[in-house]
Amino acid sequence: RLMTATAMMGVMMKGERESVTVTIKGNGPMGTLVAVANHGTVKAYADNPRVELPLREDGKLDVGAAVGSEGTLTVIRDLHMKEPYVGSVPLVSGEIAEDLTAYFAASEQIPTACGLGVLVDTDQSVLCAGGYMLQLLPGADESTIDRLEEAVRRLGPVTEILRQGSDAAGVLSQLLEGMEPELLERVPVSYKCYCNRERVSQAVISLGKTELRDMIDKEGSADLTCQFCDKVYHFSKEELEALLTEASED
């Protein structure tokens, strides 16, 4: 759900180098969740992705209990300007869609309807995932608002629409039925991590000289795993020594 929402927010970014990061720190067993997206790619991780909870009374996954209803949702928009835009709000329910709706209303003052759904198979694989974000432009009249609110109620849970085979355009056409929507762009989305050895090396250097020296003396080498893609980067003792020298020169 978080990846779907962040991917939609990433597509809203205009520049190729611009990105959006959404971080949820809840009091549930999943811990911290992070998703990063730009115009067409997304990546994410959770502190504890394997959480098993009883289903809700309606038979759905209890996402709110896994995430937690107390904590914060933070959005960082990196526009490659001097400082990124950062907005943060308290969690409402941990259901993610509701929390993002609250974020847009409180932090960006944009009335937003957000729906997210993930259909999980019996073997825990994802059969399909999708969602929508409806945002009002300034000047929208009450009749338009009423029609959209009714459309959201009529659509119901996103999971059911996905189960029936609808794609993003299908969901949009149902939400905006009778309002003559115009499809302006289709953007393919893929999971992609941009980690590389140079970036990981800089992360090692950022640990500081004391911790680097301690790592060399106690471990002799290091294996660092990317949280987003699980790729492992091995650093020999000689490579760590070289990074320590670089850190000392800074």
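If you're wondering where the values come from, they're calculated on a predicted model, not measured in any experiment.

Rules behind the numbers
Residues numbered from 1 in each chain as written. Predicted model: local features only at pLDDT ≥ 70, side-chain atom pairs only at ≥ 80, totals over all residues. Heavy atoms only, no water. Helix = DSSP H or I, 4+ residues; strand = E, 2+ residues; numbered from the N terminus. Contact = heavy atoms within 4.5 Å. Areas by Shrake-Rupley, 256 points an atom, 1.4 Å probe, with all protein chains shown as cover. Lys, Arg positive; Asp, Glu negative; His and termini not counted. Charge placed at Lys NZ, Arg CZ, Asp CG, Glu CD. Patch = residues over 30% accessible without salt bridge, like charges linked within 9 Å, V, L, I, M, F, W, Y side chains within 5 Å. Salt bridge = Lys/Arg side-chain N within 4 Å of Asp/Glu carboxyl O. Phe/Tyr/Trp six-rings, centres within 6.5 Å; stacked < 30°, edge-to-face > 60°. Buried < 20%, exposed > 50% of the residue type's maximum accessible area, 1.4 Å probe, protein only. Lys NZ or Arg CZ within 6 Å of the ring centre and 35° of its normal. Core = buried A, V, L, I, M, F, W, Y, C linked by side-chain atoms within 4.5 Å. Expected span 1.5 Å × (residues − 1). Arc of directions from axis to C-beta. Pairing = 2+ DSSP bridges. Axes fitted to C-alpha atoms, helices over the stretch in contact; angles between N-to-C directions.

Chemist: Pulling in residues and values, what's your account of the overall build of the chain?
Modeler: Scanning the chain from N- to C-terminus turns up nine helices and 10 strands. Based on the C-alpha atoms only, the size of the chain along its principal axes is roughly 70 × 45 × 30 Å. Sequence separation of at least 24 residues holds for 54% of the intrachain contacts in the chain that already meet a minimum separation of 6. Roughly 14,900 Å² of accessible area belongs to the chain as shown, and the carbon and sulfur atoms make up 51% of that amount. One finds the centroid of the 23 positive side-chain charges in the chain at a distance of 3 Å from the centroid of its 40 negative side-chain charges.

Chemist: Report on a nonpolar patch on the surface, specifying residues and quantitative values.
Modeler: Taken together, Leu55, Leu61, Val120 and Val126 make up a surface patch of nonpolar side chains, about 340 Å² in accessible area. Along the polypeptide, Val126 turns up in strand E7 (residues 126-135).

Chemist: Which residues make up unusual backbone geometry, and what values go with them?
Modeler: Despite not being glycine, Gln109 has its phi angle at roughly 55 degrees, a positive value. Along the chain, the position of Gln109 falls in the loop between helix H3 (97-107) and strand E6 (112-120). We note that Gln124 has phi near 75 degrees; this positive angle belongs to a residue other than glycine. As for its position among the elements, Gln124 is in the loop between E6 and E7.

Chemist: Can you tell me about the packing of aromatic side chains, naming the residues and giving the values?
Modeler: Under the defined criterion, the tally for this structure stands at two aromatic pairs. Where Tyr45 meets Phe228, the ring centres are 5.1 Å apart and the plane angle is 80 degrees; that geometry is what we call edge-to-face. Of this pair, Tyr45 sits in strand E3 (residues 41-46) while Phe228 sits in the loop between strand E9 (222-225) and strand E10 (232-235), and the two are 183 residues apart along the sequence. With respect to burial, Tyr45 and Phe228 carry one shared label: buried. Ring centres of Tyr103 and Phe104 lie 5.3 Å apart, and the angle between their planes is 65 degrees; on these two criteria the pair is classed as edge-to-face. A relative accessible area of 1% means that Phe104 is categorised as buried. A cation over a ring is seen here: Lys43 above Phe228, with NZ or CZ 4.5 Å from the ring centre.

Chemist: Requested: an account of the environment of Thr72, with residues and values cited.
Modeler: Position of Thr72 relative to the elements: it lies in strand E4 (residues 71-78). Between the C-alpha atoms of Thr72 and Arg213, which are 141 residues apart in sequence, the distance is 36 Å. Once residues within four sequence positions are removed from consideration, Thr72 is found in contact with Thr23, Ile24, Lys25, Ser88, Val89, Pro90 and Leu91.

Chemist: How would you summarise the nonpolar core if you had to cite specific residues and measurements?
Modeler: Counting 30 residues, the largest nonpolar core has Met9, Ile24, Leu73 and Leu100 as the members making the most contacts within it. If you list the elements that add at least two residues to this core, you get helix H1 (2-11), strand E1 (19-26), strand E2 (32-37), E3, helix H2 (63-67), E4, H3 and E6. Listed in part, the 13 residues of the second largest apolar core include Val200, Ile216, Ala222 and Phe235.

Chemist: Quick one: what's the story with helix H4 (residues 142-155), residue by residue and with numbers?
Modeler: Residues three or four positions apart in an α-helix share a direction because the helix packs 3.6 residues into each turn. The terminal C-alpha atoms of H4, which comprises 14 residues, lie 20 Å apart, in line with the 20 Å expected from a rise of 1.5 Å per residue. Among all positions of H4, only Ile145, Leu148, Ala151 and Leu155 are buried. Buried residues of H4, viewed axially, fall in a sector of 125 degrees; they line one side. Across H4 from its buried face, at more than 90 degrees, point the exposed residues Glu142 and Arg153. Residues of H4 that are buried in the fold lie against E7, helix H5 (158-163) and helix H6 (168-175). Taken from the residues just after H4, Gly156 is the one with a positive phi, measuring 75 degrees.

Chemist: An account of the sheet that holds strand E8 (residues 190-191) is needed here, citing residue identities and associated values.
Modeler: A sheet is described by the order of its strands in space; here six strands give the open sequence E5-E4-E1-E2-E3-E8, paired in mixed fashion. Strand pairing shows two members of the sheet lacking a second neighbour, strand E5 (85-90) and E8, which therefore form its edges. Across eight bridges, E1 lies against E4 in antiparallel orientation. Considered in E4, the bridge of Ile24 is made with Leu73. Here H3 sits on the sheet in contact with E4 and E5, set at roughly 120 degrees to E5.

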